[in-house]
Amino acid sequence: MVADSPFVSDVPAAAALAAWGEGCTAAGCPARLEVVRLPIGEAVGRVTAEPVWARRSSPAFDSAGMDGIAVRAADTVGAAETTPVLLEDFAVVDTGDPLPEGYDAVVMREHVHRGGNGTAEVRTAVPPYQHVRSIGEDITATELLLPAGHRLRPVDVAAAAAAGAVELAVRRAPVVVIVPTGDEIRPIGTDPAPGEILDTNSLMLAAQARELGCEARVSPIVRDDPAVITEALRDAAAEADLVVLVAGSSAGRDDYTARVVAGAGTLMVHGVAVRPGHPVVLGAVDATPVLGAPGYPVSAALTFDIFAAPLLAALEGAAPRERPSTTARLARKLASNVGMDDWVRVRLGRVGGDVVATPLPRGAGVLTSLVRADGLLVVPAGLEGHHAGERVRVELLRGLAEIGRTIVAIGSHDLVLDMAASALRADDPLVTLASSNVGSLGGLVALRDGLCHIAGSHLLHPATGEYTLPYVDKILGGDDVAVVRLVHRDQGLIVAPGNPLGLSGVGDLVREDVRYVNRQRGAGTRALLDHELARRDLDPGRVSGYSREEHTHLAVAAAVAAGRADTGLGILAAARAFRLDFVPVAREPYDLVLRASALHDDLLAPLWALLERPAFRAEVEALGGYSCAETGKRIR
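Residues numbered from 1 in each chain as written. Predicted model: local features only at pLDDT ≥ 70, side-chain atom pairs only at ≥ 80, totals over all residues. Heavy atoms only, no water.

Trainee: Teacher, can you tell me more about the overall build of the chain here?
Mentor: Regarding its fold elements, the chain presents 16 helices and 37 strands. Here the C-alpha coordinates of the chain stretch approximately 90 × 65 × 45 Å along the principal axes. Long-range contacts, defined here as pairs at least 24 residues apart, represent 77% of the contacts in the chain between residues at least 6 apart. Here the chain displays about 26600 Å² of accessible surface, and carbon together with sulfur accounts for 53% of that area. Looking at the chain, you have 60 positive and 79 negative side-chain charges, and the mean spots of the two groups are 3 Å apart. (Helix = DSSP H or I, 4+ residues; strand = E, 2+ residues; numbered from the N terminus. Contact = heavy atoms within 4.5 Å. Areas by Shrake-Rupley, 256 points an atom, 1.4 Å probe, with all protein chains shown as cover. Lys, Arg positive; Asp, Glu negative; His and termini not counted. Charge placed at Lys NZ, Arg CZ, Asp CG, Glu CD.)

Trainee: Help me understand the nonpolar core, please; the structure alone is not making it clear to me.
Mentor: Within soluble globular proteins, side chains that are nonpolar generally end up buried alongside one another. Core analysis: the biggest nonpolar cluster contains 52 residues, and Leu 433, Ile 454, Ile 494, Leu 594, Leu 607, Trp 608 and Phe 616 have the highest contact counts within it. Elements with a contribution of two residues or more to this core: β29 (406-411), α9 (415-427), β32 (481-495), α13 (553-561), α14 (572-577), β36 (581-595), α15 (605-611) and α16 (614-621). By residue number, the principal contributor to this core is α9, which donates eight residues. Filtering out sequence-adjacent residues up to four positions away, Leu 433 remains in contact with Arg 347, Ile 407, Ala 409, Leu 417, Ala 420, Ala 421, Leu 424 and Ile 454. Judged by nonpolar contacts, the second largest core, of 34 residues, contains Ala 16, Ala 206, Ala 209 and Val 280. (Core = buried A, V, L, I, M, F, W, Y, C linked by side-chain atoms within 4.5 Å. Buried < 20%, exposed > 50% of the residue type's maximum accessible area, 1.4 Å probe, protein only.)

Trainee: Looking at this structure, how should I read the sheet that holds strand β6 (residues 85-87)?
Mentor: Pairing between the strands of a sheet is mediated by backbone hydrogen bonds and can be parallel or antiparallel. In spatial order, the strands read β6-β10-β9; together these three strands make up an open sheet with antiparallel pairing. The open sheet has two free edges, formed respectively by β6 and β9 (112-114), since each of these has just one partner strand. Going from strand to strand, the sheet's axes swing by 30° on average, the running direction of each strand aside. Where β9 meets strand β10 (residues 120-122), three bridges bridge the pair, whose relative direction is antiparallel. If you follow Arg 114 over to β10, its bridge partner there is Ala 120. (Pairing = 2+ DSSP bridges. Axes fitted to C-alpha atoms, helices over the stretch in contact; angles between N-to-C directions.)

Trainee: Just checking my understanding: could you explain helix α6 (residues 297-315) for this structure?
Mentor: Along an α-helix, a turn takes 3.6 residues, which lines up residues three or four apart on a common side. An ideal rise of 1.5 Å per residue puts 27 Å on 19 residues; α6 measures up with 25 Å between its terminal C-alpha atoms. Where α6 bends most, at Phe 304, the angle is about 35°. At the exit of α6 stands Gly 317, carrying a positive phi of roughly 75°. (Expected span 1.5 Å × (residues − 1). Bend = angle between axes of the 7 residues up to and from the residue.)

Trainee: Can you walk me through the sheet that holds strand β2 (residues 47-48) in this structure?
Mentor: Pairing is antiparallel across the open sheet formed by three strands, whose spatial order is β1-β13-β2. On the outer flanks of this sheet lie β1 (35-39) and β2, each paired with one strand and no other. Where β1 lies against strand β13 (residues 167-171), five bridges are found, and the strand directions are antiparallel. Of the residues in β13, the one forming a bridge with Val 36 is Val 170.

Trainee: Would you take a moment to explain the pairing of β29 for this structure?
Mentor: Across the six residues of β29, six count as buried, placing the element largely inside the fold. On β29, burial covers both faces: Thr 406, Val 408 and Ile 410 on one face and Ile 407, Ala 409 and Gly 411 on the other are all buried. In this sheet, strand β30 (residues 432-437) lies alongside β29 in parallel orientation, the contact comprising six bridges. Each residue of the ladder has a partner; that of Ala 409, found in β30, is Ser 435. In this fold, the crossover linking β29 to β30 by way of α9 has right-handed handedness. One ladder, built from three bridges, connects β29 with strand β31 (residues 454-457); its direction is parallel. What sits directly across from Ala 409, in β31, is Ile 454. (Right-handed = clockwise from strand over helix to strand, strands pointing away.)

Printed below as a string of C-alpha cells:
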C-alpha cells in the first residue's frame, strides 16, 4: 500500500491520533497497563488504578497548633493587660502534641509568663479551640482523597499515608523502546566523520519518555536494511508498550519506516498535517503501538509530544500533561491579609466561555488543598483579596483539556458527589467533577452568576414545606432552570456511640448539658434545623453551640467523634463513617440545579449516564441513609 507512495495522506493531528487509537484497538493493543501494588514510598510518578479513600482522619486526635500551654478557655475569661489571670491548672505542650484531657485551648508560649512557683500568667482571654488542630482538620475518614487516573506526586503520597494507606494500586510504568536507524547515525561519545550524525534523537526521546514516568530503553543503532529493521522492530515490540522507530520517514532513498511497519504489522497513518513533524508514521506491530518519528530533532520532539505522550497517558489511565497558564473568574469571594503575597490553590473548570477558579481551604495544615489543586493564583501583598466573579491569573497544575471537561459543582455537601467524581474519572481520565462546599444558598447564587455548571441544594422553604424550588424561583427567576433529583437522604442528630445523653430529637438541643455543632449560614442542613426549632417554638439562642459552624457533614461528625460536641445535624452516612450513632429527624431530597439549556450539554452527559447506572445506585444506597428511587429524575 505504501511501497511506492511515500505519504498515504495529510491527516489532521486529532484525526491521526484517533485513527491510531482505533487501529491499535483493532490490532489487539492493550487499552490499559497491568495493575501493580506498590509501597506508598515507591508510588510517586505512577498513576492510581483505583480511587484512594481516607482510612482514618488526619490529625487523628485534637492536637496543639502552637508551642505553649494547654488551658481551659473558661479559666482565662477576664484576662487582659491590666487584669492578668494567674493559672495553676495548665499543661505545657509543643506543636503537634495531643491536647491533654480536660483542656480546650492553647496559649502561645510568647503570650505566657511562667512563674517560679508552677504558675502561668495570661494577659488575654482565649476562645475555646484557639491554636488547636481538630481531628480531621486536614483529612476526614472515608473522604475521597485521590481518584483513579491520578498521577501521584510527593504531596499525594504524604496525604495518602496520613490517611492510613501503606500501599497503592497503580498502573505499572510504560516501557518505551527507541530504535534508531540509519547508516549515518553514530553513538553519542564518538567523533563523527563528515556525513555522520550523532544519535541525539534517541537521547532526547528517551529523556522525554522518562519525564513522563516511563521506563525508556534504547536499542543499538540499526543499519538501513529493511529486513534488519523489521527484526529489530519485532524484538522491540516484544518488550515494549510503545516502540519509537527513529528514521527519516520522508520520501528519501533510505526511508524504510512506513514500509517496514506496513509489512510487519498494520500502518494506520503516514503523513500528518503538522509542521514540523509532517512525515510521521503511526501503526502497530504484534499488538504493540509503533511511532515512526522523523529524523529532524525538532520534528521528533514535537511528534513525541503530540502522539506518544497522549498514548502513554491513556495506557496508564491518565491525562496528558500540560503546563499552561490562564485567566479565570473567581467562583466566590477571596479574602487576603494585606502585607504579604497570598498563594492560593484553586480548583478549575470552564463555565460558558470562562475558566472558573474555586479557592481551596488555605489552612497551614490542610494538605488536601495540595492534592486537589488545579492551579495557583497569587494575591499581591497590597490587595485585600478579590471579589466573586473577578478575573485573576492562574498558573495551571492541570491541563487545559482536562479543565475544559471539568464539571463545576458548587453548593451543599454530599458524599454522593465524591462517589460520582471517582466513578467519572474511572470511566474517562479527562472527566472531572470538582465540587466546592459553600452551602445550598451559595450554590444557587453561583449558578445565577454563571460560576458553576450545577448547584447542589436541599433548601427547605418553611412556609411551603417544599425543598429548593421556591428558592430557585426567588434567586434564579425560575426561567431556563432545570432541577434533577440526585437522592433522598436521611438527616438526623449525629451522636456518640450508645447515645449517652439519650437524645431523641431536635427538642433536646436546648438542654443545658448538650453541646451542638452547626452548619454554616446558607446550608440546607442549617435551614432544616431552624425549621424544626421554629416548629417547636424553640429559640436558636438556647442551643449551646448554635453559632459554631462546620462546612461539611463529615466535619460535623468529626467534631462529635472528637468529643468537642455532643451532637450535630447531618446525614447517616457521615455518622457511619465515624462509627457514631444516629437519631433520625427527616428524610429530604437533595437536588442538582442547572440551566435547562445545559441539560443536553456534552460536558454533563457522563454524569447523567452515571446516575442511570444500577451499580452506581446500589453503591450509593450501600452507604446507608440514601434512596435512589428518583435518582436522575427531572423534577422541574
